[in-house]
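One letter stands for each residue in the lines below.
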Amino acid sequence: MKKLLAIAMSLTFMVTAFSCGERKITETNQSAQENVQLLQYKSADLRISDDFSDIYSFNCNKSEVYIFGELKNGGICGYTTDFNYTDYSEFRFVPSENEEVLTGAINRVGKKLVLTEEDSTSMLYIYSREDELESKNELGELSCGYTKPTIVCGSDYYYINCSDAVYVTTAKGELKGKVNTGGKTVFGVSADSDGNIVILMYDMKNGLSLGIADGTEITETQAMENGINSTPYSLCSGNNDYRLYAVYDTGLYGLKGNKWEQLSDLMDTGFNCYTLYKMIPTGERDIAVLRWDNVPSMHIISEMDISEIKPRQVVTVASLSSGIPLHDNEIKKFNKNSEDYRVQLIDYTENGDYSKGAEKLRMDMITGNAPDIILLNSELPVDTFANNSTLFCDLYEFMDKDEDVSKEDILPNIREGLERKGKMVMITPNFGFQTVPANPEIKGVKENWSLDDFYESYRNKNDRMTLFRFEDTELRWGFFYQAIKPHFFIDYEKAECNFNTPDYINAIKFFNDNEIGLTTTAYDTLLGDIYYDISQNDLLDGKIYCNFEDYSLWFGSIFENVRLNKCILAGSPNNNGECGSYITLGVSYAIMANAKNKEGAWSFLKSMLTDEYYNVPESYYCFPIIEKYFDEHAKTTMDKFPTFDYDEKTGKMSDEIVYMDWDYRTYNDRGEVVSRILLEPFTQEEYEHYSDLVKSAKVVRSDGEIERICNMELAKCFDGELSAEETAEHIQERVALYLSEKYG
């Protein structure tokens, strides 16, 4: 049966422009001030996917495209169409009662394959072009885990890519065995532009490599020059100059020779990279992609002609994310809406090595070759730049000229934390509130408790309580770092520290004497599967009496700890007399003083300080730095819980906020509600108390290198290599030297 289908065109942009009519590719070792330009694309929605509730596979041969999955109206079906997507024919598969359909494919001559599983036994069905069953092949038990397998069709063999292995069958469906990868981890399997079946592999010693498969053997192996050491979200045959296409966290790449070249960072498409889980080449310059964003959807992305592109100024942003780029959605939204500017990420991840990438970015900043906008965090602390007040723009100067955002809009304590020498050198749309909720019925627990109070509470807890979850399976130095915060022993302003004190030494002894957590040696000897006795709420269930893992991102976290768990916010214990609850900024943005596009950079940062940013589903559950939005969010604790309607048809949340009663629900293994506790909203007095607690909290500074120094020395101590006194002295010497070099 053939049916007509429509292609609804909706133009969006995929990063980039042209220079002198030639395409330029971004390499990870480029400096940001070079003329970095990528391709721009337009996209078209393919309505053929609208019939499916789930799509298991999406592949093609030289003349046909095949979409296989579960239809919305029930049943398993495959659609075969051509590369014009003008019409399609249906193939129906009816599994037996207990048979689970795993995936399907179309081979190089148009035969259809279906892979199923029943009682741990996999079956491979092969159908002719006329949809007649040719063979049914029992493959035994395949190690596919929880991952849906994929089938890649070669000329003589079919390759079934599971999570643990790549299985091979003949063209008749007879199992030959597994591909011998030599112990390497499989990152992906695909046909390449020459029709070879290639396997993307990785091992710690040699990094990424590409092998050509012939049955169960790898006949050729090619080392990758700049391998991205992670599994691509999708992988397919390339076209034109590219052997393969792949989508990684940072965008779309093409393989030329043995080197990945970035084609797009996808920031202008509205597509999140992690949603693009299948793709195929369609025509010379087109790629068809299958997205999963709660529901499946298909799109064609095509290179835009230069005449279709409206010139926009490029704002460059340094990316130090080894995963999904920070504020990925905000950048896509800005690029879609801005008439004048387009944000482009400059990747500094250095193949996943965060520290090396941060150091390279630091050098580009010092030499004047950095992007317009820098992301500052614990790996790149603003205070490690001695001239930070002149290296970065004073954002107050932009606010003074801006009609929509002023410095008075920002919470005073946050504003103080963003300032250096009276200038606002960085900004972030949201912040985190770090505290420790604790059960006040345990003697010793109190707000802003001292270390002695903390030790007393441990002595008074009941026997079935632990201080942390998973103490018998996790490392001691990790627990220590959660409880004993180094910033209480550091004065960043003076570049001084005091770790070699009785307070720090006694804390080390406390963790050692009470054997809280495992030593590294004990941890390394753990064998077999580790069982975690996880409950929905360990505080409420009385398994722990305080939670050092709590990191409140919005007022609902505070509300739950106070109203449901009946805790006080004790904060981190310290003997400085300081409030133990404090503010962390996470990642902040700074505009370089020598930025080429300062106004464009401010336009992007400003877009994350607006009503459009804070009142959408992705941003509502946060602590906003803008006081107006902070108060709006906080006041919901006196009324109802804000949430968003979910449209099951589109799989999207609506922009309309709806309000529900505050409650706590428990669920069974099937996700069904077992019980519901209705919670009384905060009183005005409670709201003011906790709102003032956050508004008065201090913004603390952090440094990833200091964290690594502390953890390294603590691990030695807890393994018996150093005494507590020696450990404190080692940390003191190393951190003091580091502070002198970076902060002095």
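The model shown is predicted, which means the values in this text are computed figures rather than measured ones.

Q: Help me out: how do you make sense of the packing of aromatic side chains in this one?
A: Two aromatic rings are characterised by how far apart their centres lie and by the angle between their planes. For the coordinates displayed, the defined rule picks out 48 aromatic pairs. Between Phe 93 and Tyr 125, the ring centres sit 5.0 Å apart and the planes meet at 65°, which makes this aromatic pair edge-to-face. Taken together, the positions of Phe 93 in strand S7 (residues 87-93) and Tyr 125 in strand S10 (residues 121-127) put the pair 32 residues apart, joining distant regions of the chain. One exposure class covers both Phe 93 and Tyr 125, and it is buried. Here the aromatic rings of Phe 468 and Phe 511 are separated by 6.3 Å at their centres, their planes lie at 45°, and the arrangement is tilted. Here Phe 468, found in the loop between helix H6 (451-460) and helix H7 (476-483), pairs with Phe 511, found in helix H8 (residues 502-513); they are 43 residues apart in sequence, far enough to count as distant. In this structure, Phe 468 and Phe 511 share a single accessibility class: buried. A cation sits over an aromatic face here: Lys 148 above Tyr 56, 4.4 Å from the ring centre. Above the face of the Phe 718 ring, Arg 476 is positioned so that its terminal group lies 5.7 Å from the ring centre.

Q: What's the story with the sheet that holds strand S21 (residues 244-248) in this structure? I'm lost.
A: Within a sheet, each strand pairs with its neighbour through backbone hydrogen bonds, oriented either parallel or antiparallel. Strand order in the open sheet formed by four strands is S20-S21-S22-S23, and the pairing between neighbours is antiparallel. The sheet is open, and its two edges are formed by strand S20 (234-237) and strand S23 (259-264), each paired on a single side. Across the sheet, the axes of successive neighbouring strands diverge by a mean angle of 25°, strand direction being ignored. As defined by bridge partners, S20 adjoins S21 across four bridges and the pair is classed as antiparallel. Note on S21: the bridge partner recorded for Ser 234 is Val 247.

Q: I would appreciate a short explanation of empty space enclosed by the protein in the present structure.
A: A probe matching the size of a water molecule, rolled over the atoms, marks out where space remains unfilled. The full count for this structure, using the stated rule, is five cavities of 30 Å³ or more. Its volume calculated, the second largest cavity comes out at about 60 Å³. Leu 451, Ile 484, Lys 485, Phe 488, Phe 489, Asp 503, Pro 573, Asn 574, Asn 575 and Asn 576 together form the lining of the second largest cavity. Broken down by class, the residue content of the lining of the second largest cavity amounts to five nonpolar, three polar and two charged.

Q: What exactly am I supposed to notice about the packing of H6 against H8 here?
A: In a pair of packed helices, the angle between the axes and the distance between the axes together describe the arrangement. Put simply, H6 and H8 touch, their axes get as near as 11 Å, and they point 15° apart. Between H6 and H8, the angle is such that the two are roughly parallel. The interaxial crossing formed by H6 with H8 has left-handed handedness. Residues Leu 451, Phe 454, Tyr 455 and Tyr 458 of H6 form the contact with H8, whose own contacting residues are Asp 503, Asn 506, Ala 507, Phe 510 and Phe 511.

Q: Just checking my understanding: could you explain the environment of Glu 70 for this structure?
A: Relative to the helices and strands, Glu 70 resides in strand S5 (residues 65-71). For the pair Glu 70 and Asp 54, spaced 16 residues apart in sequence, the C-alpha to C-alpha distance is 5.2 Å. Side chain to side chain, Glu 70 and Tyr 56 meet in a polar contact 3.4 Å long.

Q: Would you mind going over the sheet that holds strand S14 (residues 166-170) with me for this structure?
A: One open sheet accounts for four strands, arranged S12-S13-S14-S15; its pairing is antiparallel. The sheet is open, and its two edges are formed by strand S12 (150-153) and strand S15 (175-178), each paired on a single side. Along the sheet, successive strands turn relative to each other by an average axial angle of 25°, direction set aside. In the sheet, S14 pairs with S15 via three bridges, with the strands oriented antiparallel. Each residue of the ladder has a partner; that of Thr 169, found in S15, is Leu 175.

Q: What exactly am I supposed to notice about the pattern of salt bridges here?
A: Between side chains of opposite charge, a pair can form as their charged atoms come close. Taken as a whole, this structure holds 32 salt bridges when the rule is applied. Residue Lys 443 pairs with Glu 456 through a salt bridge whose shortest N-O separation is 3.9 Å. Here the residue Lys 443 occupies a position in the loop between strand S33 (437-438) and H6, and Glu 456 occupies one in helix H6, the gap between them amounting to 13 residues. Accessibility expressed as a relative area gives 56% for Lys 443, which makes it exposed. Through salt bridges with shared partners, one network takes in Asp 383, Arg 420, Glu 493 and Arg 701.

Q: Teacher, can you tell me more about the side chain of His 487 here?
A: Looking at where His 487 falls in the secondary structure, it is placed in the loop between H7 and strand S34 (490-491). Once you skip the residues sitting within four places of it in the chain, His 487 turns out to touch Tyr 582, Val 700 and Arg 701.

Q: Explanation requested: the packing of helix H16 (residues 704-718) against helix H17 (residues 724-742) in the structure shown.
A: Packing of H16 against H17 brings their axes to within 9 Å, and their N-to-C directions diverge by 160°. Taken together, the axis directions place H16 and H17 in an arrangement best described as roughly antiparallel. Pair H16 / H17 crosses with right-handed handedness. Contact with H16, carried on its side by Glu 705, Ile 706, Ile 709, Cys 710, Met 712, Glu 713, Leu 714 and Cys 717, involves Ala 724, Thr 727, His 730, Ile 731, Arg 734, Val 735, Tyr 738 and Leu 739 of H17 and no other residues of that element. Tallied by class, residues from the contact of H16 with H17 come to 11 nonpolar, two polar and three charged.

Q: Would you explain H7 in this entry?
A: Residues lying three or four places apart along an α-helix face the same way, a consequence of the helix completing one turn every 3.6 residues. By the burial criterion, the buried members of H7 are Arg 476, Phe 479, Phe 480, Tyr 481 and Ala 483. The elements touched by buried residues of H7 are H6, H8 and H16.

Definitions and cut-offs
Residues numbered from 1 in each chain as written. Predicted model: local features only at pLDDT ≥ 70, side-chain atom pairs only at ≥ 80, totals over all residues. Heavy atoms only, no water. Phe/Tyr/Trp six-rings, centres within 6.5 Å; stacked < 30°, edge-to-face > 60°. Helix = DSSP H or I, 4+ residues; strand = E, 2+ residues; numbered from the N terminus. Buried < 20%, exposed > 50% of the residue type's maximum accessible area, 1.4 Å probe, protein only. Lys NZ or Arg CZ within 6 Å of the ring centre and 35° of its normal. Pairing = 2+ DSSP bridges. Axes fitted to C-alpha atoms, helices over the stretch in contact; angles between N-to-C directions. 1 Å grid on protein atoms, 1.4 Å probe; cavity = no way out; pocket = protein on both sides within 12 Å on 5 of 7 lines; lining within 4 Å. Points joined across faces, edges and corners; volume = space filled by probe spheres on them. Nonpolar A, V, L, I, M, F, W, Y, C, P; charged D, E, K, R; others polar. Parallel < 35°, antiparallel > 145°, perpendicular 65-115°, else oblique. Left-handed = near helix turned anticlockwise from the far one by under 90°. Contact = heavy atoms within 4.5 Å. Polar contact = N/O pair within 3.5 Å; in protein donor to acceptor, adjacent residues only side chain to side chain. Salt bridge = Lys/Arg side-chain N within 4 Å of Asp/Glu carboxyl O.

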